[in-house]
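Take a look at the letters that make up each chain.
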Amino acid sequence: MAKIQAPRGTHDILPPESRHWIEMERRTHELMRRWGFEEIRTPMFESEELFVRGVGQGSDIVRKEMYTFTDKGDRRLSLRPEGTASVARAAVEHGMLQPGRVLKLYYQGPMFRYDRPAAGRYRQFHQMGAEVIGSAAPVADAEIIGVFWAWLLEMGLQGLTVRLNSVGCPVCRPAYRERLRDFLRPKLEWLCGDCKERFEKNPMRILDCKVPGCQAEIVGAPSTLDSLGEECRTHFEEVQACLQAAGIRFEIDPGLVRGLDYYTKTAFEVHHAGLGAQSAVGGGGRYDGLVEEVGGGSSPGVGFSTGLERILLALEADGVAELAPPARPDWFVATVNSDARDEALRLVTALRRRGAAEMDLSGASLKSQFKQADRLGAAKVIVLGPREIERGVAMVRDMATHQENEVPLKELYTGGSESA
Ligand code: HAM
């Protein structure tokens, strides 16, 4: 029969790599606890409508990249392409947004986008992200960029740059869009097909187009920063002051526009020098209209998310070989022959209450059991033979010093001896 392969753009996470995933998740929970964020888990599929309204009809994600299907009950559902719209939906649905209360949530899990697979770009990928909902204050923007920065350092990454911009708000953006259209109109015929479409609906997305021809045409485009209204300008200045106070270095990037429609005011990305074309390890920004867009009251928010596959690629580029060392057993219980099997099972079960213990599962010879123990990096091998069992002892070999001792079984069971 022909072999079945994983779908294009997906990947299996196999040992020993899965160890790094467990370690990233462990460090995430630990860091988020210290920063006062609580975990939220939302479904992997939602109504299509949520992303059409939340992420935006004009975004590439909704136009081209969603896995949308009709279920047996004729519902239009989409595999989630990102987490923020779901978090906003859940917060509204469960009445989590109370006046005067600031919600701090984080999440991690798979996301799905029908994009062209490349290094660092997949159709199923994994994000970790955090959201602060219920505050319009610039200090909330700094909290989000701060927790992301602390998380990146916690993973051991270097060579990172924070790029910061403000994309304005529904009050000042229409005037900017007009200025941008005026700039782009004479160049329209040289833009790619997608950008020609974007020109009317969403001209700011043209600034983010990766097609080289379009990139050449946008050189010298007006900056969002020159069109900010009073409120957005003050907010942007305050965010910068907060970041400086928190000791986070950043670069202003007036060309930074994000691929999702919900952003208002602050937009940011973090890039890693070693990642080539897909150099954004994460990004985010403020979304003051999103909660209303998904049916809630007015509740401003700000958040970030990061692609975990890209984090691992960046760690590799930084030369960090191992996030977590392999787990080595403390003991390997070897048997001289099958008569010792039941005692070995009893002993290994008892040892596993105190540490990591292994035994042979294949009926291998004593010699090959020692080889297995060596391969696993076991600290000690406990050899059980029928005669020793009768005498209530076992031979314990220290694999580092090669020293062997006879140890009473009782001590091995209770952990009552140094040699055990
Ligand atoms: P995003 O920029 O679309 O933002 O995605 C965030 C990160 O997810 C990217 O910087 C990248 O590391 C990773 N990522 C995105 N697409 C892929 C892909 N196809 N393959 C691998 N990694 C990918 C958001 O998703 C927003 N929800 C961020 C946010 C949270 N804004 C406010 N709160």
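The structure displayed is predicted, hence computed values, not measured ones. (Residues numbered from 1 in each chain as written. Predicted model: local features only at pLDDT ≥ 70, side-chain atom pairs only at ≥ 80, totals over all residues. Heavy atoms only, no water.)

A. Up close: the domain arrangement of the chain. As far as domains go, the chain holds domain 1 (17-172 + 228-317), domain 2 (173-224) and domain 3 (331-414). Of note, the centres of domain 1 and domain 2, computed from C-alpha atoms alone, are 24 Å apart. On the domain 1 side of the interface with domain 2, the three residues burying the most area are Arg63, Cys172 and Val257, jointly 35% of the side's total. Linking domain 1 with domain 2 are five salt bridges, by the criterion used here. Between Asp194 and Lys64 there is a salt bridge; the shortest N-O distance is 2.7 Å. One can count 13 residue pairs in polar contact (both at pLDDT 80 or more) joining domain 1 with domain 2. When residues of the side of domain 1 that touches domain 2 are traced back to their parent elements, those giving at least two are helix H3 (60-65) and strand S7 (160-166). A per-element tally of the side of domain 1 that touches domain 2 places H3 first, with three residues. Class assignment for the residues of the side of domain 1 that touches domain 2 results in nine nonpolar, seven polar and five charged. (Domains from an automatic or database assignment. Buried area = accessible area lost by both parts, 1.4 Å probe. Salt bridge = Lys/Arg side-chain N within 4 Å of Asp/Glu carboxyl O. Polar contact = N/O pair within 3.5 Å; in protein donor to acceptor, adjacent residues only side chain to side chain. Helix = DSSP H or I, 4+ residues; strand = E, 2+ residues; numbered from the N terminus. Nonpolar A, V, L, I, M, F, W, Y, C, P; charged D, E, K, R; others polar.)

B. Just the sheet that holds strand S14 (residues 380-384), in detail. Reading across the sheet, the five strands line up as S13-S12-S14-S15-S16 and stay open at both edges, with mixed pairing between neighbours. Every other strand in the sheet has two partners, leaving strand S13 (357-359) and strand S16 (404-408) as the edge strands with one partner each. Recorded for the sheet is a direction-independent mean angle of 25° between the axes of neighbouring strands. Relative to S16, strand S15 (residues 393-398) runs antiparallel, the two being bridged by five bridges. Looking at S16, one finds that Val396 is bridged to Asn405. Against the sheet, helix H13 (residues 366-376) makes contact with strand S12 (331-335), S13, S14 and S15, and its axis sits at roughly 170° relative to S12, the strand it touches most. (Pairing = 2+ DSSP bridges. Axes fitted to C-alpha atoms, helices over the stretch in contact; angles between N-to-C directions. Contact = heavy atoms within 4.5 Å.)

C. The site of the ligand, seen in detail. Near the ligand, the surroundings consist of 25 residues, among which Glu82, Tyr122, Glu131, Arg258 and Tyr263 are the closest. Take Arg113: an N or O atom from its side chain is 2.9 Å from an oxygen atom of the ligand. The separation between a nitrogen atom of the ligand and a polar main-chain atom of Tyr122 is 2.9 Å. Considering the ligand on its own, with 660 Å² of exposed area, one finds that the protein chains cover 95% of that surface. Residue assignment for the shell around the ligand shows that the elements contributing at least two residues are strand S6 (124-133), strand S10 (280-286) and strand S11 (301-307). (Near = heavy atom within 4 Å. Areas by Shrake-Rupley, 256 points an atom, 1.4 Å probe, with all protein chains shown as cover.)

D. Representation of the sheet that holds strand S3 (residues 68-70) in the model. Pairing in this open sheet of three strands is antiparallel, and the strands run S2-S4-S3 from one edge to the other. The open sheet is flanked by strand S2 (45-47) and S3, the only strands paired with a single partner. Sheet twist, expressed as the average angle between the axes of neighbouring strands with direction ignored, equals 35°. Strand direction decides the pairing type here: S3 and strand S4 (residues 76-79), joined by three bridges, are antiparallel. The residue of S4 that forms the bridge with Thr70 is Arg76.

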